[in-house]
Amino acid sequence: MFEQVTQAAADPILGLTEAFKKDERSNKINLGVGIYKNEAGQTPVLATVKKAEARLLDEETSKSYLTIQGSAEYGAAVQKLLFGQDSDVVTQQRACTAQAPGGTGALRTAADFAVKHLPSNKIWVSNPTWANHGNVFKTAGLEVVTYDYYNAETKDMDFDAMLTSLAHAQAGDLVLFHGCCHNPTGIDPTLEQWEVLAKLCAEKGLLPLFDFAYQGFAKGVEEDAQGLRIFAQHNTELLVANSFSKNFGLYNERVGAVTLVAKDTATAEQAFSQIKSGIRSNYSNPPAHGAAIVTIILNDAALYAEWDKEVADMRDRIQEMRELFVATLKDKGVAGDYSFIIRQNGMFSFSGLSPEQVAQLKDEHGVYIVGSGRISVAGMTKSNMDALCTAIAAVV
Ligand code: LMR
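Residues numbered from 1 in each chain as written. Predicted model: local features only at pLDDT ≥ 70, side-chain atom pairs only at ≥ 80, totals over all residues.

Participant: Hey, could you run me through the overall build of the protein chain in this one?
Facilitator: If you tally the helices and strands in the protein chain, you get 15 helices and 13 strands. The C-alpha atoms of the protein chain give 21 Å as radius of gyration, which agrees with the globular expectation for 396 residues (21 Å, within 12%). Projecting the C-alpha coordinates of the protein chain onto the three principal axes gives extents of approximately 60 × 55 × 55 Å. Each of the 396 residues in the protein chain was classed as buried or not, and the buried ones make up 46%. (Helix = DSSP H or I, 4+ residues; strand = E, 2+ residues; numbered from the N terminus. Rg over C-alpha atoms; globule rule 2.2 N^0.38 Å. Buried ≥ 20, exposed ≤ 12 C-beta atoms within 10 Å, placed from the backbone.)

Below, the structure written as structure tokens:
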């Protein structure tokens, strides 16, 4: 009966990696998936991760199951990183956290919970958003609607249009926000705009769901949490799906978390029991290794400082590539003002290249970027920059 099953479309991001691996051209460049590369074009294991793993090798005594929600120590460390040690959320114990297999696992867990236990099945996501959001939410059974976010002409956020869209949201609806480094545009709300959005959600009774996958890649680990923290000041209820793929370079360990914040401990624990029930019926309990690494680093002052510096180094290299990219495009005679790329945050640049230009880049030049025109700046190096910009100059 399997012959009756139709072929699924290739994934817009991970499908590109598959195609890239099959491409035999030696000069090919993969700027599709959001994976950090160093100047040598490699994705190294962070030094702090190696140190934590050495400690684990030495001290770990068992590979027995974790609980359904995973390690309590990890959950506490995640909450401190998200909300700050002295935040009301932490000191009043109003949050419960479950270890999750990556940010995607966390989003899916939150979506399953919403579909089964919350009054509205509607989620508002930005237009555009990460190519997998719709997939995750629709598969869980949520109705996905979009709010305006980006103005393609100004290459900037259209905040008024965003507010106009969200005026149509009804009490109970979920609203997805990108904690920082909006994927794919790289444009985040200012602190004042976060404040307006936080108050809007509180006044209208909307439920914010934060997708927080790039903490540390915009301005800094603490700075990047400000939007979420402003929300937590105005909204007693929140869901957060965070990932440590990027900021700990733990892509293949699948380590993230889903956090539920409520008005008090009892309410949080009661609602969280349903998150646990959802996890049990899905993957039972989480993988341990990645979260154990993160817990060691976040709870050791010296390792934390060293990790913070490693994140800063990744952030700074990406910024350097943004500047070099804009300068090289100019050198190659590409017409237009690309300075907006320097102002974008995180791994991605929303280039404005059309689907035809994206296809031409792949077919004729071996340059892989996402169909929406999203380019992973984190994959640019001084060595591939010239070839990349020559290819772009040829297609625009
Ligand atoms: C991306 O946007 O490239 C990353 O989040 C990786 C993924 O799973 O799509």
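Participant: I'm lost on the sheet that holds strand β3 (residues 122–127) in this one. Help?
Facilitator: Within a sheet, neighbouring strands are paired by backbone hydrogen bonds and run either parallel or antiparallel to one another. Within the open sheet, the seven strands sit side by side as β2-β10-β9-β8-β7-β3-β4. Their pairing is mixed. Each having just a single partner strand, β2 (95–100) and β4 (143–148) make up the two edges of the open sheet. When strand polarity is set aside, the average angle formed by the axes of neighbouring strands in this sheet is 25 degrees. This element, helix α10 (residues 265–282), spans β2 and β10 (256–261) of the sheet and lies at about 15 degrees to β2. (Pairing = 2+ DSSP bridges. Axes fitted to C-alpha atoms, helices over the stretch in contact; angles between N-to-C directions. Contact = placed C-beta atoms within 7 Å.)

Participant: Any chance you could explain the site of the ligand here in plain terms?
Facilitator: Contacts to the ligand come from Ile-13, Val-33, Gly-34, Trp-130, Asn-132 and Asn-183. Looking at the shell around the ligand residue by residue, the class counts come to three nonpolar, three polar and no charged. Shared between two domains, the shell around the ligand holds at least three residues of each, these being domain 1 (10–44 + 315–395) and domain 2 (65–299). (Near = placed C-beta within 6 Å. Nonpolar A, V, L, I, M, F, W, Y, C, P; charged D, E, K, R; others polar. Domains from an automatic or database assignment.)

Participant: Looking at this structure, how should I read the environment of Val-395?
Facilitator: Locating Val-395 in the fold gives a position in helix α15 (residues 382–395). Placed 136 residues apart in sequence, Val-395 and Thr-259 show a C-alpha to C-alpha distance of 44 Å. Among residues more than four places away in sequence, those in contact with Val-395 are Gln-357, Gln-360 and Leu-361.

Participant: What exactly am I supposed to notice about the UniProt feature "domain: Aminotransferase class I/classII large" (unreviewed entry) in the protein chain here?
Facilitator: Within the UniProt annotation, "domain: Aminotransferase class I/classII large" (unreviewed entry) is assigned to residues 27–392. In residues 27–392, the share of helix is 46% and the share of strand is 15%. The end C-alpha atoms are 15 Å apart. (UniProt positions renumbered as here; feature names shortened; annotations may be inferred.)

Participant: Would you take a moment to explain the domain arrangement of the protein chain for this structure?
Facilitator: Buried accessible area, meaning the area lost when the parts come together, often serves as the stated size of an interface. The domains assigned to the protein chain are domain 1 (10–44 + 315–395) and domain 2 (65–299). One C-alpha centre belongs to domain 1, the other to domain 2, and the line joining them spans 28 Å. Contacts between domain 1 and domain 2 engage 19 residues on the former and 20 residues on the latter. A per-element tally of the side of domain 1 that touches domain 2 places strand β11 (residues 348–350) first, with three residues. Class assignment for the residues of the side of domain 1 that touches domain 2 results in nine nonpolar, eight polar and two charged.

Participant: Is there a simple way to think about unusual backbone geometry in this case?
Facilitator: Note: most residues except glycine have negative phi, and most peptide bonds are trans. Backbone torsion omega between Asn-127 and Pro-128 reads 5 degrees, so that peptide bond is classified as cis. A cis amide bond links Asn-183 to the next residue, Pro-184, at an omega of 25 degrees. Although it is not a glycine, Lys-155 sits at a positive phi angle of roughly 55 degrees. Along the polypeptide, Lys-155 turns up in the loop between β5 (150–151) and β6 (156–157). Phi is positive for Cys-181, close to 55 degrees, though the residue is something other than glycine. By the secondary structure assignment, Cys-181 is in the loop between β7 (174–178) and α8 (191–204). Under the C-beta neighbour-count criterion, Cys-181 is labelled buried, with 28 such atoms within 10 Å.

Participant: Explanation requested: the confidence of the model for the protein chain in the structure shown.
Facilitator: Low pLDDT marks regions whose predicted coordinates should not be analysed in detail. A residue-level look at the protein chain finds 100% of positions with pLDDT of 70 or above and a mean pLDDT of 97. Overall fold confidence for the complex sits at a pTM of 0.96, while the interface term, ipTM, reaches 0.95. (pLDDT = per-residue confidence, 0-100.)

Participant: Is there a simple way to explain the packing of helix α2 (residues 47–59) against helix α11 (residues 289–298) in this structure?
Facilitator: When two helices pack together, their arrangement is captured by the angle between the axes and the distance separating the axes. At a closest axis distance of 9 Å, the pairing of α2 and α11 adopts a crossing angle of 105 degrees. In terms of orientation, α2 lies roughly perpendicular with respect to α11. Contacts between α2 and α11 pair Thr-48, Val-49, Ala-52, Glu-53, Arg-55 and Leu-56 from the former with Ala-292, Ile-293, Ile-296 and Ile-297 from the latter. (Parallel < 35°, antiparallel > 145°, perpendicular 65-115°, else oblique.)

Participant: Explanation requested: α11 in the structure shown.
Facilitator: Along an α-helix, residues three or four apart share an orientation, since each turn contains 3.6 residues. Most of α11 sits inside the fold, with nine of its 10 residues counted as buried. Within α11, burial applies to Gly-290, Ala-291, Ala-292, Ile-293, Val-294, Thr-295, Ile-296, Ile-297 and Leu-298. Those residues of α11 that are buried are in contact with α2, α3 (72–83), β2 and α12 (301–331).

Participant: I would appreciate a short explanation of the packing of α8 against helix α9 (residues 226–234) in the present structure.
Facilitator: Where α8 meets α9, the closest approach of the two axes is 9 Å, and the angle between their N-to-C directions is 35 degrees. Handedness of the α8/α9 crossing: right-handed. Side by side, α8 and α9 meet where Leu-191, Trp-194, Glu-195, Ala-198, Lys-199 and Ala-202 of the first sit next to Gln-226, Gly-227, Ile-230, Phe-231 and His-234 of the second. Broken down by class, the residue content of the contact of α8 with α9 amounts to six nonpolar, three polar and two charged. (Left-handed = near helix turned anticlockwise from the far one by under 90°.)

Participant: Where do I start with the environment of Phe-217 in this structure?
Facilitator: By the secondary structure assignment, Phe-217 is in the loop between β8 (207–212) and α9. On the basis of neighbour counts, which here come to 27 C-beta atoms within 10 Å, the residue Phe-217 falls in the buried class. Measuring from C-alpha to C-alpha, the distance between Phe-217 and Ala-312 comes to 7.5 Å, with 95 residues separating the pair along the chain.

Participant: When you look at the pairing of β7 in this model, what are you seeing that I'm missing?
Facilitator: Counting buried residues in β7 gives five out of five residues, a clear majority hidden from the surface. Note that β7 and β8 share five bridges and pair parallel. Pairing of Phe-177 across the sheet is with Phe-210, part of β8. Crossover connection from β7 via α8 to parallel β8: handedness right-handed. (Right-handed = clockwise from strand over helix to strand, strands pointing away.)

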